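Listed below, chain by chain, are the residues.
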Amino acid sequence: KFSSLLSKEIKDHEIKQIGVIGAGQMGFGIALVTAHIAQLPVKVLDSNPKQIEKGSSFVDGLLEKDIVKNRITRDKATETKSRITTTTSISEFSTMDFIIEAIPEDVDLKREIFTKLDQITSDDTILATNTSSISITKIAAATKKPDKVIGMHFMNPVPIMRLVEIIPGLDTSSHTCNVTKKLATSMGKIFTESQDVPGFIANRLLMPYINEAVIALEQGIASRDDIDTTMKLGTNVPMGPLTLADHIGLDTCLAIMKVLHKEIGDTKYRPAVLLQKYVDAGRLGKKSGKGFYEY
Ligand code: NAI
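Counting starts from 1 at the beginning of each chain's written sequence and moves along it residue by residue. Reporting in this predicted model follows two pLDDT cut-offs: at least 70 for local features of residues, and 80 or more for side-chain atom pairs to be given and counted; totals over whole chains, interfaces and linings ignore these cut-offs and use all residues. Water and hydrogen atoms play no part in the side-chain values, which are based on all heavy atoms of the structure.

Asker: Looking at this model, I keep getting lost on the pattern of salt bridges. Mind explaining?
Answerer: Pairing between side chains of opposite charge can happen when the charged atoms of each approach one another. Think of a salt bridge as a Lys or Arg side-chain nitrogen and an Asp or Glu carboxyl oxygen that are within 4 Å of each other. Taken as a whole, this structure holds 13 salt bridges when the rule is applied. Its salt-bridge partner being R71, residue D66 comes within 2.6 Å of it at the nearest N-O pair. The residue K287 makes a salt bridge to D251 at a minimum N-O spacing of 3.1 Å. Taken as a pair, K287 in the segment after α12 (273-280) and D251 in helix α11 (residues 250-264) lie far apart in primary sequence, 36 residues in all. Only protein chains enter the accessibility calculation, which uses a 1.4 Å probe; a residue whose area is less than 20% of its type maximum is buried, one above 50% is exposed, and one in between is partly exposed. Overall, the relative accessible area of 26% leaves D251 in the partly exposed class. Note on conventions: DSSP H or I runs of at least 4 residues are helices, E runs of at least 2 residues are strands, and numbering of each starts at the N terminus.

Spelled out as structure tokens, the structure:
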């Protein structure tokens, strides 16, 4: 019943090209599922050309792995790759139908990008943010079309994780919501919907757990390996909380905890001192080569 409703909506807003802003671990993951599963052309923008190079070889590596394992043909991989283009110039985003922002978890940075996007895109363009915790309503207020702004929160690593959280802001229209749900489905994802509250569903539950693991390490309750092994084998998850934090990025974990702490105001969300210390030292996890573990 719901899918027929969505098919009706999508006709009014046909997506021909997707723009992704931020060529980090999330941005290129989103670009890959857009090109490979939804089979739509996607343009990735980053202010840092080195990140574009890094992301591009990450995509090549994943596709090559799938070819070797006979999961896809070389032709199919070439087709997927040809759908992904890159740029460092935001002016190339003026013709996009749907834009997904995945720059760092910083409210001022995100609001600045949304103001720019609002100025250069058409009134119909939907502007989605992959924020992990920041208010969608606050980001939408940086534009003149808050009805077209929505949270589309992918999980890391995007090609593997099935879930997308969809978060309408205060003024997001039901049309924007339905087009976003349809797009998530075409990317092979299952979606859930959350209210626009700090951390939404996933990070409201996950981040305090990761933060508590860092506090346990800080207080010497157990070693790094024992904390991770206890939770990995004891709760049957693929990795322990400290390994997971390294995969997410310690800067991102810290930024999310800061949002939860500031916006909810409860001291139980205070970021672990050790988390702040690691970020200050540039130990950001897997992406910088060192976090709780070395890579
Ligand atoms: P990242 O640090 O890997 O990538 C961010 C990218 O944005 C970098 O390549 C950077 O050069 C680029 N950038 C910074 N300012 C820019 C600007 N003004 N214009 C264009 N590009 C700019 O970060 P990651 O992990 O990909 O996270 C991005 C967003 O996704 C954050 O909001 C984060 O909270 C969210 N997120 C992260 C998850 C994770 O597990 N890492 C999971 C789900 C959401």
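Asker: Mind showing me how you'd approach the site of the ligand here?
Answerer: Near the ligand, the surroundings consist of 25 residues, among which D46, Q51, E105, S132 and I248 are the closest. Counting of polar contacts relies on pairs of N or O atoms within 3.5 Å, with two restrictions inside protein: one atom must be capable of donating a hydrogen and the other of accepting it, and residues adjacent in sequence are counted only when both atoms are side-chain atoms. At 2.6 Å from an oxygen atom of the ligand is found a side-chain nitrogen or oxygen belonging to E105. For the ligand, an oxygen atom lies 3.0 Å from a polar atom in the side chain of N130. For every accessible area listed, the method is Shrake-Rupley and the probe measures 1.4 Å; residues are considered covered only by the protein chains on display. In the complex, 87% of the free accessible area of the ligand, which totals 840 Å², lies under the protein chains. In this count, Pro and Cys sit with the nonpolar residues alongside Ala, Val, Leu, Ile, Met, Phe, Trp and Tyr, while Asp, Glu, Lys and Arg are called charged and the others, Gly among them, polar. Within the shell around the ligand, the residues separate by chemical class into nine nonpolar, 12 polar and four charged. What marks off one domain from the next here is an automatic or database domain assignment. Among the domains, domain 1 (2-193) and domain 2 (203-287) are the pair contributing at least three residues each to the shell around the ligand. Consider each residue's heavy atoms; a residue with any of them within 4 Å of a molecule or strand counts as near.

Asker: What exactly am I supposed to notice about the packing of helix α3 (residues 49-68) against helix α4 (residues 74-82) here?
Answerer: Any two packed helices are characterised by the angle at which their axes cross and by the distance between the axes. Look at α3 against α4: their axes get within 10 Å of each other, and the N-to-C directions meet at 160°. As far as their axial angle goes, α4 and α3 are roughly antiparallel. Here α3 runs over α4; the crossing is right-handed. Residues S56, V59, D60, L63, E64 and I67 of α3 form the contact with α4, whose own contacting residues are R74, A77, T80 and K81. Taken together, the residues of the contact of α3 with α4 sort by class into four nonpolar, two polar and four charged. Fitted lines through C-alpha atoms serve as axes, helices being fitted only where they are in contact, and the angles separating the N-to-C directions of these axes extend from 0 to 180 degrees. Oblique is the label for any angle not under 35 degrees, not over 145, and not in the 65 to 115 range, which are roughly parallel, roughly antiparallel and roughly perpendicular in turn. Note: crossing handedness is left-handed where the near helix turns anticlockwise from the far helix by less than a right angle, and right-handed where it turns clockwise. Contact definition: two residues touch when any of their heavy atoms are within 4.5 Å.

Asker: Can you help me understand the layout of surface pockets in this one?
Answerer: In this approach, a probe sized like a water molecule rolls over the atoms, and the result shows the empty space that is left. Whether a set of points on the 1 Å grid over the protein atoms alone is a cavity depends on a 1.4 Å probe fitting there but being unable to get out, while an open set qualifies as a pocket with protein on both sides within 12 Å along at least five of seven lines; lining residues are those with an atom within 4 Å of a point. Grid points are joined across faces, edges and corners, and a volume is the space filled by probe spheres set on the points. The space that makes up the second largest pocket amounts to roughly 250 Å³. What lines the second largest pocket is a set of 13 residues, and nearest its centre among them are E105, V107, A255, K258 and V259. If one sorts the elements of the lining of the second largest pocket by residue count, α11 sits on top with seven residues. Among the residues forming the lining of the second largest pocket, the class breakdown is five nonpolar, one polar and seven charged. In this structure, the lining of the second largest pocket is formed jointly by two domains, domain 1 (2-193) and domain 2 (203-287), each of which donates at least three residues.

Asker: I would appreciate a short explanation of the sheet that holds strand β8 (residues 190-193) in the present structure.
Answerer: Sheet strands pair by backbone hydrogen bonding; their relative direction is either parallel or antiparallel. Taken in spatial order, the eight strands of this open sheet run β3-β2-β1-β4-β5-β6-β7-β8, and their pairing is mixed. In this open sheet, the two edge strands, each paired with only one partner strand, are β3 (84-87) and β8. Each adjacent strand pair in this sheet contributes to an overall mean axis angle of 25°, direction not counted. At least two bridges found by DSSP between two strands is the condition for calling them paired. Pairing analysis gives three bridges linking strand β5 (residues 126-129) to strand β6 (residues 149-154), with the strands arranged parallel. Each residue of the ladder has a partner; that of A128, found in β6, is I150.

Asker: Sorry if this is basic, but what is going on with the nonpolar core here?
Answerer: Where a protein is soluble and globular, its nonpolar side chains tend to be buried together. If you look at the biggest cluster of nonpolar residues, it comprises 38 residues, and the most contacted ones within it are I18, F98, I100, M152, F154 and M187. When residues of this core are assigned to their parent elements, the largest contribution, seven residues, is made by helix α2 (residues 25-36). Buried Ala, Val, Leu, Ile, Met, Phe, Trp, Tyr and Cys residues that are joined via side-chain atoms within 4.5 Å together make up what is termed a nonpolar core. Residues A245, C253, A272 and F292 belong to the second largest nonpolar core, which totals 25 residues.

Asker: Explain the pairing of strand β2 (residues 42-45) to me, please; I cannot follow it from the model alone.
Answerer: Residues in a regular strand point their side chains to alternate faces of the sheet. Residues V42 and V44 point to one face of β2 and K43 and L45 to the other, with burial holding for every one of them. Relative to β2, strand β1 (residues 18-21) is paired through four bridges, and the arrangement is parallel. Following the sheet pairing, I18 is matched in β2 by V42. With its strands directed away from the observer, a crossover is right-handed exactly when the path from the first strand over the helix to the second travels clockwise. At this point the chain moves from β1, through α2, to the parallel β2, and the crossover so formed is right-handed. In the sheet, β2 pairs with β3 via four bridges, with the strands oriented parallel. In the strand pairing of β3, L45 is matched with T87.

Asker: What is the right way to read the pairing of β6 from this model?
Answerer: Counting buried positions along β6 yields six of six residues, so the element is predominantly enclosed. The side-chain alternation of β6 yields two buried faces, one formed by V149, G151 and H153 and the other by I150, M152 and F154. Both β6 and strand β7 (residues 163-168) contribute to a ladder of five bridges, which runs antiparallel. By the bridge assignment for β7, I150 is matched with P168.

Asker: Is there a simple way to think about the domain arrangement of the protein in this case?
Answerer: Accessible area lost on assembly of the parts is the figure often given for the size of an interface. With domains assigned, the protein is organised as domain 1 (2-193) and domain 2 (203-287). Domain 1 and domain 2 are separated by 27 Å when their C-alpha centres are compared. Each partner contributes to the interface: domain 1 provides nine residues, whereas domain 2 provides 10 residues. Between domain 1 and domain 2, the buried area comes to about 680 Å², and carbon and sulfur atoms account for 46% of it. Seen at the junction of domain 1 and domain 2, the total is one salt bridge. Its residues placed into classes, the side of domain 1 that touches domain 2 shows one nonpolar, five polar and three charged. Computed with a 1.4 Å rolling probe, the buried area is the accessible surface lost when two parts are put together, summed over both parts.

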